[in-house]
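# Chains, contacts and geometry: an overview
These are the residues of each chain, in order.
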Amino acid sequence: MNKIMSQAKLIYDDLITIRRTIHSNPEVGAKLPKTKAYVIDKLKEFGYEPQEICESGVVATISGKNPGKTFLLRADMDALPMEETPNCEFAAKNGAMHSCGHDMHTAILLGAAQILKENVDELEGNVRLMFQPNEEAFLG
């Protein structure tokens, strides 16, 4: 576990940047072209082959060297149609905001994706990563 914690500490600043990037570019509903593209780019950067599902959903799978169960890790990506009161440099300015924390949810899953990829040789089975838009309306 100390190895994983050390790896997490190493990407701490990157995760803050990822979260703030997503936070400052919120998108509402099922159409999240910027968020989807950002998530896909990050997953590719980490060595994944992400696939788009539905309008803006993204999945990627990492397979360990040994067979085993498949686990799903999921994050929401959409924002809410609410005006953000700018009180920080990365505040949203487009009439939407991540008041529900989906920016953090997505950043955390991207961090997990990076750490899982760094430890793929120790994995048994598979981990499927799912980034979901518009879960409230059951469209994502």
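First, a word on scope: everything that follows refers to the structure included in this document. (Residues numbered from 1 in each chain as written. Predicted model: local features only at pLDDT ≥ 70, side-chain atom pairs only at ≥ 80, totals over all residues. Heavy atoms only, no water.)

## A short note on helix α2 (residues 12–23)
- For α2, with 12 residues, the first-to-last C-alpha span of 16 Å sits near the 16 Å given by 1.5 Å per residue.
- Among the residues making up α2, those that are buried are I18, I22 and H23. Buried residues along α2 cover an arc of 130° about the axis, so they all sit on one side.
- Here the buried face of α2 lies against α3 (33–45) and α4 (102–118). (Helix = DSSP H or I, 4+ residues; strand = E, 2+ residues; numbered from the N terminus. Expected span 1.5 Å × (residues − 1). Buried < 20%, exposed > 50% of the residue type's maximum accessible area, 1.4 Å probe, protein only. Arc of directions from axis to C-beta. Contact = heavy atoms within 4.5 Å.)

## What about the pattern of salt bridges?
- The tally for this structure, following the rule as stated, stands at five salt bridges.
- Put simply, E52 and K36 hold a salt bridge, and the shortest N to O gap is 3.0 Å. Highlighted residues: E52 in strand β1 (residues 51–53) and K36 in helix α3, separated in sequence by 16 residues.
- For E52, a relative accessible area of 42% corresponds to the partly exposed category.
- Accessibility expressed as a relative area gives 16% for K36, which makes it buried.
- In this structure, R74 engages D76 in a salt bridge whose closest nitrogen and oxygen atoms are separated by 2.5 Å.
- Exposure remark for R74: the relative accessible area of 32% places this residue in the partly exposed category.
- The class for D76 is buried, based on a relative accessible area of 7%. (Salt bridge = Lys/Arg side-chain N within 4 Å of Asp/Glu carboxyl O.)

## Digging into the packing of aromatic side chains
- The tally for this structure, following the rule as stated, stands at zero aromatic pairs.
- Above the ring of Y48, the side-chain terminus of K117 is found at 4.7 Å from the ring centroid. (Phe/Tyr/Trp six-rings, centres within 6.5 Å; stacked < 30°, edge-to-face > 60°. Lys NZ or Arg CZ within 6 Å of the ring centre and 35° of its normal.)

## As for the packing of α2 against α4
- One way to put it is that α2 packs onto α4 with a least axis distance of 9 Å and a crossing angle of 145°. In the crossing of α2 with α4, the sense of the turn from one axis to the other is right-handed. Judged by residue contacts, L15, I18, R19, I22 and H23 of α2 engage D103, M104, T106, A107, L110 and G111 from α4.
- Of the residues contributing to the contact of α2 with α4, the split by class is six nonpolar, three polar and two charged. (Axes fitted to C-alpha atoms, helices over the stretch in contact; angles between N-to-C directions. Left-handed = near helix turned anticlockwise from the far one by under 90°. Nonpolar A, V, L, I, M, F, W, Y, C, P; charged D, E, K, R; others polar.)

## Some thoughts on unusual backbone geometry
- You will see that C54, though not glycine, has its phi angle at about 50°, which is positive.
- Assignment of secondary structure puts C54 in the loop between β1 and β2 (57–63).
- Take C54: its relative accessible area is 41%, and that puts it in the partly exposed class.

## Side note on the nonpolar core
- By size, the foremost hydrophobic cluster in this structure holds 22 residues, and its most contacted members are V39, L43, Y48, L110, L116, L129 and F131.
- If one sorts the elements of this core by residue count, α4 sits on top with five residues.
- Not counting residues up to four positions away in its chain, the partners in contact with F131 are V39, L43, S56, G57, V58, A75, M77, T106, L109 and L110. (Core = buried A, V, L, I, M, F, W, Y, C linked by side-chain atoms within 4.5 Å.)

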